[in-house]
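So the chains spell out like this:
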Amino acid sequence: EDYEESTFNPHEKVHVTAKDLHVRSKSEVIIAERLDYYNIPYRYEQILYINGYPFAPDFTILTKKGIKYWEHCGRTDKPDYIRKHNWKCTMYEHVGIVQWKNYIITYDDEHGNIDTRIIDSEIVNKLL
């Protein structure tokens, strides 16, 4: 089904999944590939309006228990990036999108590394 996808900086979507989805980071490739592996339907950067302002969670995931959102933070070395991420979390919370309920957040470490076992754990424990 069609959906409104973010058009913000499309030139940054340089990484490509096996299903030809263009994403912004290698870590998002891994998350998308793992969601595909588990046959979990999702939408990439689907626009979500909060108080008329557009947000684009990395993944909007359709589960049997309702919609879940997944943000991956890859630039943990950038203070401005983290400040924006924290602001988004606050905005999401105002509309009931909260961790441990319907919001997954994963992070690269300070060196830009990701552990696929953590991604799988999030999927198995929160989405299946």
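Note that the structure is predicted; figures quoted are calculated from it, not measured. (Residues numbered from 1 in each chain as written. Predicted model: local features only at pLDDT ≥ 70, side-chain atom pairs only at ≥ 80, totals over all residues. Heavy atoms only, no water.)

### What about the pattern of salt bridges?
Part 1 of the reasoning: The tally for this structure, following the rule as stated, stands at twelve salt bridges.
Part 2 of the reasoning: Between K13 and E45 there is a salt bridge, and its shortest N-O distance comes to 3.3 Å. Highlighted residues: K13 in the segment before strand 1 (15–16) and E45 in the loop between strand 3 (42–44) and strand 4 (48–50), separated in sequence by 32 residues. Per residue, the accessibility class of K13 equals that of E45, and both read buried. (Salt bridge = Lys/Arg side-chain N within 4 Å of Asp/Glu carboxyl O. Helix = DSSP H or I, 4+ residues; strand = E, 2+ residues; numbered from the N terminus. Buried < 20%, exposed > 50% of the residue type's maximum accessible area, 1.4 Å probe, protein only.)

### So, the sheet that holds strand 6 (residues 59–63)
The strands making up a sheet associate through hydrogen bonds between their backbones, and the pairing can be parallel or antiparallel.
Part 1 of the reasoning: Spatial strand order, 3-6-7-8: four strands in an open sheet with mixed pairing. In this open sheet, the two edge strands, each paired with only one partner strand, are strand 3 and strand 8 (103–107). Across the sheet, the axes of successive neighbouring strands diverge by a mean angle of 20°, strand direction being ignored.
Part 2 of the reasoning: In this structure, strand 7 (residues 66–73) lies alongside strand 8, joined through five bridges in parallel fashion. Note that in strand 8 the partner of C73 across the bridge is Y107.
Part 3 of the reasoning: Those strands touched by helix 2 (residues 79–94) are strand 7 and strand 8, and its axis lies near 170° from that of strand 8. (Pairing = 2+ DSSP bridges. Axes fitted to C-alpha atoms, helices over the stretch in contact; angles between N-to-C directions. Contact = heavy atoms within 4.5 Å.)

### Concerning the nonpolar core
Part 1 of the reasoning: Core analysis: the biggest nonpolar cluster contains 16 residues, and L35, Y42, F59, I61, W70, I123 and L127 have the highest contact counts within it.
Part 2 of the reasoning: In this structure, F59 is in contact with E28, I31, A32, L35, Y42, R43, Y44, K68, Y69 and W70, ignoring residues within four places of it in sequence.
Part 3 of the reasoning: Listed in part, the eleven residues of the second largest apolar core include L48, F55, C89 and Y92. (Core = buried A, V, L, I, M, F, W, Y, C linked by side-chain atoms within 4.5 Å.)

### Observations regarding unusual backbone geometry
Part 1 of the reasoning: Unusually for a residue other than glycine, N9 sits at a positive phi of about 40°.
Part 2 of the reasoning: By secondary structure assignment, the location of N9 is in the segment before strand 1.
Part 3 of the reasoning: Phi angles above zero are rare outside glycine, and N51 is one such case at about 55°.

### Regarding the pairing of strand 6
Part 1 of the reasoning: Burial analysis of strand 6 places four of its five residues in the buried class, the great majority of the element.
Part 2 of the reasoning: Pairing between strand 3 and strand 6: three bridges, direction antiparallel. The partner of R43 across the bridge, within strand 6, is T60.
Part 3 of the reasoning: Alignment of strand 6 against strand 7, held across five bridges, turns out to be antiparallel. The residue bridging T63 from the neighbouring strand is G66, located in strand 7.

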